[in-house]
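Examining the three-dimensional arrangement
Chain residues, written in single-letter form:
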Amino acid sequence: MIVFDQVSKTYPDGTVAVDSLSLEAPQGEITVLVGPSGCGKTTSMRMINRLIDPTSGSITMDGEDTSGIDKVELRRRIGYVIQNAGLFPHRTVVDNVGALPRLLGTKKSPARERAMELLELVGLDESLAQRYPWQLSGGQQQRVGVARALATDPPFLLMDEPFSAVDPIVRAQLQQEFLRLQERIGKTIVLVTHDIDEALILGDQIAVLRQGGHLAQVASPEVLLRDPADAFVANFVGRSRGYRSLGFTGADEHTPILQTASAVLGEAAEALRFRPDGWLVAVDAQRRPIGWAHRDQVGAALQDSAINHAGSTASLGAPLRDFLDAALSSPNGDGIVTDAEGALLGVVSTDDVVAAIRRAKGAAAATRAAS
Ligand code: ADP
Ligand code: MG
């Protein structure tokens, strides 16, 4: 755990970058610092590995005051990833990853071995090991940056706008990959971003900072969306908060998933059994839903041309937002629900999704009242 206790930073020119910040980054979780440009995110982060010294207050790591820890030892314990990866341009990928262990005295061949393992861990092919950074895409460079930060197997990881320099599609991939990686490595991570959507995707806990280095709110993504502390946070978190908060709540066990009529694409019309409202779910040979088909549209056999492709589907464990979307995008108000393999499980009605949303809100309000 990393703990900020009333940490402030005033730069020599009088700029107050961070003002009495108290914050805990729990063990094994991702804490995101988010806020507009200039609000003190980078300064806060760099005070953890002492690239910047606080003006007052203290930062402890697992109870130990960082001001008493030797800086080289600190770098060994804290991995650091920055925007654009910050790789050494004249070193190969494998040497970039092995650089810090080498500096700390690891012999060349074990350092290389470890570097190759790390490249695999972050999803890079070994054929890239001998390339130079400029011979890689932005996303690949970023993965090398993460591998390098993990080279000493540090318990802590600091990441400053790690995905901001890559294009949106690659960024989304890197974010998902990073979450999968964290499931395996379980580091205590502090990540800085100015992008609230990235914060909501990655953060177990999100600290919203505003100008002057003031902490506006610390909360889980769900609470931040549902219950912003003030107008600044509400504004920063942005539009459609209510709808977006449904992305963090699952349907409860009282949400009925009902059987529905279905048929495999290509089946003859005589064999088809429709629901009373005239619809059935068309599925493929693996019973994966293709879409709804209506009796009036089906000719001699169930053909693709008869299928309504507008509806989305929700898998059983998906958040309520997916259930709601499946129900609202269905031509008959029933959302298609699949199992983990994507096979048809049943349907959920719009009314039942709305009821589940009401229950979730009720439960959240009760928790709030009790705390
Ligand atoms: P963020 O990462 O949130 O964009 P920073 O921590 O980089 O914010 O900066 C916080 C404030 O401190 C800004 O007003 C910035 O201009 C100022 N600042 C950052 N570094 C210095 C410095 N070395 N000297 C003076 N002011 C600085
Ligand atoms: Mg910054």
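Refer to the preceding data block for the structure.
Residues numbered from 1 in each chain as written. Chains lettered and ligands numbered in written order. Predicted model: local features only at pLDDT ≥ 70, side-chain atom pairs only at ≥ 80, totals over all residues. Heavy atoms only, no water.

**With respect to the site of ligand 1**
Around ligand 1, the neighbouring residues are Tyr11, Asp13, Thr15, Ala17, Ser37, Gly38, Cys39, Gly40, Lys41, Thr42 and Thr43. Interatomic distance of 3.5 Å between a side-chain N/O atom of Tyr11 and a nitrogen atom of ligand 1. Contact between ligand 1 and Cys39: an oxygen atom at 3.2 Å from a main-chain N or O atom of the residue. Computed on the free molecule, ligand 1 has an accessible area of 570 Å², of which 61% lies beneath the protein chains in the complex. If you tally residues by element for the shell around ligand 1, the top one is helix 1 (residues 41-48), at three residues. Residue composition of the shell around ligand 1, grouped by class: three nonpolar, six polar and two charged. (Near = heavy atom within 4 Å. Polar contact = N/O pair within 3.5 Å; in protein donor to acceptor, adjacent residues only side chain to side chain. Areas by Shrake-Rupley, 256 points an atom, 1.4 Å probe, with all protein chains shown as cover. Helix = DSSP H or I, 4+ residues; strand = E, 2+ residues; numbered from the N terminus. Nonpolar A, V, L, I, M, F, W, Y, C, P; charged D, E, K, R; others polar.)

**Observations concerning the nonpolar core**
Judged by nonpolar contacts, the single largest core of 45 residues is most densely connected at Val34, Met159, Phe178, Ile196, Ile206, Val208 and Leu224. Excluding anything up to four places from it in sequence, Val34 contacts Lys41, Thr193, His194, Asp195, Ile196, Ala199, Ile206, Ala207, Val208, Leu209 and Phe236. Among the nonpolar cores identified, the runner-up in size contains 25 residues, and Ile2, Phe4, Ala25 and Leu74 belong to it. (Core = buried A, V, L, I, M, F, W, Y, C linked by side-chain atoms within 4.5 Å. Buried < 20%, exposed > 50% of the residue type's maximum accessible area, 1.4 Å probe, protein only. Contact = heavy atoms within 4.5 Å.)

**A closer look at the packing of helix 3 (residues 93-103) against helix 4 (residues 108-121)**
Remark: helix 3 packs on helix 4, axes separated minimally by 8 Å, with the N-to-C direction vectors making an angle of 120°. Comparing the axis directions of helix 3 and helix 4 gives the class oblique. Helix 4 is crossed by helix 3, and the crossing has right-handed handedness. Residues Val93, Val94, Asp95, Val97, Gly98 and Arg102 of helix 3 form the contact with helix 4, whose participating residues are Lys108, Ala111, Arg112, Ala115, Met116, Leu118 and Leu119. A breakdown of the residues in the contact of helix 3 with helix 4 according to their chemical character gives eight nonpolar, one polar and four charged. (Axes fitted to C-alpha atoms, helices over the stretch in contact; angles between N-to-C directions. Parallel < 35°, antiparallel > 145°, perpendicular 65-115°, else oblique. Left-handed = near helix turned anticlockwise from the far one by under 90°.)

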